[in-house]
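# Inside the fold
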Amino acid sequence: MIDSILQITDINRISLAIGSFLLVFCAFSLLLRERLYVSETTCSLLFGILIGINGLGLIDSEKWNDKLVGEFMFEACRFLIAIQVLIAGVELSPRYLWNKLSSVSMLLFVLMTIKWLFTGLIIMVILGFGFLDSLIIASCVAPTDPVLAASILKGKYAEKHVPLHIRELLSAESGANDGLGFPFLFLALYLRTYRSPKAAMVRWVWYILGYQIVLSVILGAVIGFVASKILSAARRNNWIDRPSRLSYGISLSILCVGLVGILGSDDLLAAFVAGNVLNWNSKLGKETHGEAVNDTLDQLLTLAFLVFFGAVFPFAEIAKLYAGWKLFLFCMAVLFLRRLPWTIMLFKFIPEIKSFDEAVFVGWFGPMGVSGLFYAYLLEHDKSTPARVRREVVPLVSLLVLLSVMCHGLSIASLKLTRKVARGNNPKDLASAFSNAVFPAKPDPTASGEVGGKHMHHKSHGHGHHDDDARSDDGFGDHAHGHGFHDPYAAGQRIDALSPQRVNQPRVSSVPRAATQFTAQHQREHVSIPIRTERR
């Protein structure tokens, strides 16, 4: 009896693998994310593939029950997305969805519909599915994944280089569109499985739009409102301590999954709405801003999930489906044509996207991830799903998720390397850097202030020099507060400590406190505020 308990099991191996990876990654996280610009999602997925059956074989998933693995993946995706979308709702500015309704609506309804239809067209042309079957699979990758989006939009690097209005827009889109993926999926599925299109549309309207979407929004609003009143009363009477306040949002997401799930409605959309209403009434987002509690728990769950996903990645099933060239063409078409061109075409109608550079950034960073796996495993376990779709949806979506994790997770590192190899323009922020990489333009010496091949950032009385790395630690140029405007205090004031001319440089005195208070007008017009200097 004791011998059987002490035997090495797969749980022991999985715990050892995930625990070892998390320990090592946490020890080198700053180096990987802030110096090498490699996403934690990329590292965790690659590590999972390494230890899985397709790598070293430390975790043998072939002997596991496929049905149990699928059920576990489905429920893990469900909880992970619910936690992430509620955090996204809490961290948005109060009343953000109401104040930015036009921009969010364009992304959720117009852009998402175009992505769904065009991805279905790609699947139909390249892989040979029927039109409705193609739309069923396309609905899995139509939403922007909130889990992978969080890895791009959070952290010091994102706060410094991605403007706040872009971060909030992508967070709102990724949080809301996961729950809104149900109408696209079941519209195609009902039209495919029902004999009468009229019966299919009636079922879709009352059950999907009414019971799944409208009811979940109402339930989420009620749950968030009640939770906000309870939290406000507890804070007013000093009944709740700080750790409990910080974990309040996570607890609410679990409640939404349980309560709304029991009622059979859309728990993911309800969790996002509950987070928005909670922040709207209790201002919980301001209190938790800068705190690492939610981010820490979310990171641990995400990394552990991606390690497991990498260990059970269906390489063998993918290889049996189609020829390699066909899979490559399919992946490239979805990656570059699913979102990027349509965002560029529509950004004039999205008020929160203020420039072509931001349109390119928003168009590229719409990752496919955990939400796609959620819908894929849902279809796999739904007996009404057509046989071919049911057999191929998980391998195909898994391949797209792998591609998205690698490409989006390594995009920043690629831009950094490109900047080091070919130094040219000095874009102000990450959106400009990415746009220049995708649509390169010839440098304009007059516009960039280049004199004799060297960048002149400010009028200086000294003779020191500046190299590109000295100006900016990240290679994309100085950027203040994540708002995309030039900071005269940050740009061009650092001097090479090893330069022999350092003693002849003017010393920058302390900046008056009043001069540091940039107004909105200064931000828009890029007004430079003079800096007082004095010689030694």
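Worth saying up front: this structure is predicted, and the values here are computed from it rather than measured.

## Quick word on helix H2 (residues 10-27)
- Here H2 is 18 residues long and its end C-alpha atoms lie 26 Å apart, about the 26 Å a rise of 1.5 Å per residue gives.
- Listing the buried residues of H2 in full gives Asp10, Ile14, Ala17, Ile18, Phe21, Leu22 and Phe25. End-on view of H2: buried residues confined to an arc of 120°, all on one side of the axis. In H2, the exposed positions that point more than 90 degrees away from the buried face belong to Leu16, Leu23 and Ala27.

## Observations regarding the pattern of salt bridges
- Per the stated rule, a full pass over the model turns up 7 salt bridges.
- For Arg78, the salt bridge is made with Glu75, and the minimal N-O distance between the two is 3.2 Å. Residue Arg78 and its partner Glu75 are both found in helix H5 (residues 66-91); the two are separated by 3 residues, about one turn of the helix.
- Of the residues examined, Arg78 reaches a relative accessible area of 16% and is grouped as buried.
- Notably, a salt bridge pairs Arg78 with Asp267, separated by 2.6 Å at the nearest N-O pair. Here Asp267 lies in helix H16 (residues 267-282) and Arg78 lies in helix H5, a separation of 189 residues in the sequence.
- With relative accessibility at 5%, the residue Asp267 sits in the buried group.
- Overlapping salt bridges bring together Glu75, Arg78 and Asp267 as one network.

## With respect to unusual backbone geometry
- The residue Asn238 is not glycine, and still its phi comes out positive at about 60°.
- Here Asn238 shows up in the loop between helix H13 (197-236) and helix H14 (242-246).
- For Asn238, a relative accessible area of 66% corresponds to the exposed category.

## Here we look at the packing of aromatic side chains
- For the coordinates displayed, the defined rule picks out 19 aromatic pairs.
- Seen in terms of ring centroids, Trp64 and Phe308 are 5.9 Å apart; in terms of plane orientation they differ by 10°. Their pairing is stacked. Taken as a pair, Trp64 in the loop between helix H4 (40-51) and H5 and Phe308 in helix H18 (residues 293-311) lie far apart in primary sequence, 244 residues in all. With respect to class, Trp64 is no different from Phe308; both count as buried.

## Some points on a nonpolar patch on the surface
- A cluster of nonpolar residues, Val214, Ile218, Val222, Phe225, Val226 and Ile230, forms a patch on the protein surface that exposes about 530 Å² of accessible area.
- One can find Val222 in helix H13.

## With respect to the environment of Ser171
- Mapped onto the fold, Ser171 is located in helix H11 (residues 164-177).
- For the pair Ser171 and Asp145, spaced 26 residues apart in sequence, the C-alpha separation works out to 9.7 Å.
- Setting aside residues up to four positions removed in sequence, Ser171 forms contacts with Ala88, Leu92 and Leu153.

## As for the packing of helix H7 (residues 101-127) against H11
- Where H7 meets H11, the axes come as close as 10 Å, and the angle between the chain directions of the two elements is 55°. Relative to H11, the element H7 is oriented oblique. The handedness of the crossing between H7 and H11 is right-handed. Residue-level inspection shows Ser103, Val104, Leu107, Leu108, Met112 and Lys115 of H7 in contact with H11, the latter providing Leu169, Ala172, Glu173, Ala176 and Asn177.
- Within the contact of H7 with H11, the residues separate by chemical class into 7 nonpolar, 2 polar and 2 charged.

## Concerning the packing of H11 against helix H22 (residues 356-364)
- Interhelical geometry of H11 versus H22 gives an angle of 30° and a closest axis separation of 11 Å. In this view, H11 runs roughly parallel relative to H22, as classed from their interaxial angle. Every pair of crossing elements has a handedness; the one defined by H11 and H22 is right-handed. Counted together, His165, Ile166 and Leu170 of H11 and Glu358, Phe361 and Val362 of H22 form the full contact between these two elements.
- In terms of residue class, the contact of H11 with H22 is built from 4 nonpolar, 1 polar and 1 charged.

About the cut-offs
- Residues numbered from 1 in each chain as written.
- Predicted model: local features only at pLDDT ≥ 70, side-chain atom pairs only at ≥ 80, totals over all residues.
- Heavy atoms only, no water.
- Helix = DSSP H or I, 4+ residues; strand = E, 2+ residues; numbered from the N terminus.
- Expected span 1.5 Å × (residues − 1).
- Buried < 20%, exposed > 50% of the residue type's maximum accessible area, 1.4 Å probe, protein only.
- Arc of directions from axis to C-beta.
- Salt bridge = Lys/Arg side-chain N within 4 Å of Asp/Glu carboxyl O.
- Phe/Tyr/Trp six-rings, centres within 6.5 Å; stacked < 30°, edge-to-face > 60°.
- Patch = residues over 30% accessible without salt bridge, like charges linked within 9 Å, V, L, I, M, F, W, Y side chains within 5 Å.
- Areas by Shrake-Rupley, 256 points an atom, 1.4 Å probe, with all protein chains shown as cover.
- Contact = heavy atoms within 4.5 Å.
- Axes fitted to C-alpha atoms, helices over the stretch in contact; angles between N-to-C directions.
- Parallel < 35°, antiparallel > 145°, perpendicular 65-115°, else oblique.
- Left-handed = near helix turned anticlockwise from the far one by under 90°.
- Nonpolar A, V, L, I, M, F, W, Y, C, P; charged D, E, K, R; others polar.

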